[in-house]
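Coordinate analysis (summary)
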Amino acid sequence: MKRIICLSAIAGSGKSTYAKHYKMNHTDENVFIVSSDEIRLELTGKYDNLEHEEEVWDLYYKRINKYRDENQDCTVIADCTNIYNKWRTQIAQVPGFDKRVLVILTKPLEMVLKNNRDRDPAKFVPEYAILSMYERWEMPDEETKKKYDKIIHLDGWFDKFAI
C-alpha cells in the first residue's frame, strides 16, 4: 500500500516532531518525510531563505513522486504548513497513492509561540509570521475532507500519535 500523510498546522505546532515520531514508530514500513523546510536548508543553507521557492516546491513534489514510484509499499509524509484547503487539496491529488491521510495539529497560540521560542535558533520563525498564519488558518472544508480517506485532528499537545 502506498499512503500519503499531509500534515497541516502553523509553524511551531509539532509537524516535524509528529513526522519523526511516526517514522521512528513504524520501522516495519518504508517511511519517507518530505519537508519544505529541509529542502530550503539543503538549497540555500537556511530554513528561512525564501528566495528559491519555485525550486523548493518543484523538488518537494518530485521527492514525493520519487518515493512513491521507487517503493511498492511506503508512507510519504508531506511536512509543511498546508494552512489552506487549496494546499491540502494539492497534496491529496498527487496520483498513485492508495490511501490519503490528513493530520491536523492545532495548539493554543501561546503554546505555539513558546515552542517557537524554545526551538533551535536556526528554525526560529518570526512571531509576526506565526501570528499571520494563525489568522489565515483554514479548517478543512467538506470538499477538502472528501479528498482524504482519513482525517486525524490532534488538538493541543499530543502524547500519542495516531494512525
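Anyway, here's the lowdown on the structure attached to this text. (Residues numbered from 1 in each chain as written. Predicted model: local features only at pLDDT ≥ 70, side-chain atom pairs only at ≥ 80, totals over all residues. Heavy atoms only, no water.)

What to know about the pattern of salt bridges
Worth spelling out the cut-off: Salt bridge, as used here: a side-chain nitrogen of Lys or Arg that lies within 4 Å of a carboxyl oxygen of Asp or Glu. Numbering goes from the N terminus for both helices and strands, where a helix is a DSSP run of H or I of at least four residues and a strand is a run of E of at least two. A 1.4 Å probe rolled over the protein chains alone gives each residue an accessible area, and that area as a share of the maximum for its type sets the label: buried under 20%, exposed over 50%, partly exposed in between.
Enumeration according to the criterion identifies 13 salt bridges in this entry. Ionic pairing is found between Arg3 and Glu29, a salt bridge with its closest N-O pair at 3.6 Å. Here Arg3 is found in strand S1 (residues 2-8), whereas its partner Glu29 is found in the loop between helix H1 (15-24) and strand S2 (31-35), with 26 residues between them in sequence. Relative accessible area serves as the criterion here: at 23%, Glu29 is assigned to the partly exposed category. For Glu70, the salt bridge goes to Lys66, with nearest N and O atoms at 3.2 Å. Here Glu70 pairs with Lys66, and both are found in helix H3 (residues 53-70), just 4 residues apart, close to one helical turn.

Side note on the packing of helix H2 (residues 36-44) against H3
As a reminder of what qualifies: For every element, the axis is a line fit to its C-alpha atoms; helices are fit only across the contacting stretch, and the angle between N-to-C directions ranges from 0 to 180 degrees. In what follows, roughly perpendicular refers to angles from 65 to 115 degrees, roughly parallel to angles under 35, roughly antiparallel to angles over 145, and oblique to any angle outside these ranges. Take the far helix as the reference: if the near one is turned anticlockwise from it by less than a right angle, the crossing is left-handed, and if turned clockwise, right-handed. Note on contacts: a residue pair is in contact if any heavy atoms of the two residues lie within 4.5 Å. Nonpolar residues are Ala, Val, Leu, Ile, Met, Phe, Trp, Tyr, Cys and Pro. Charged residues are Asp, Glu, Lys and Arg, and all others, Gly as well, are polar.
Contact geometry of H2 with H3 gives a least axis separation of 9 Å together with a crossing angle of 120°. What the angle tells us is that H2 and H3 run oblique. Along this stretch, H2 crosses H3, giving a crossing that reads as right-handed. Facing Ser36, Ile39, Arg40, Glu42 and Leu43 of H2, the residues of H3 in contact are Glu53, Glu55, Val56, Trp57, Leu59, Tyr60 and Arg63. For the contact of H2 with H3, the class distribution of residues is 6 nonpolar, 1 polar and 5 charged.

Nothing here speaks to function; it is geometry throughout.
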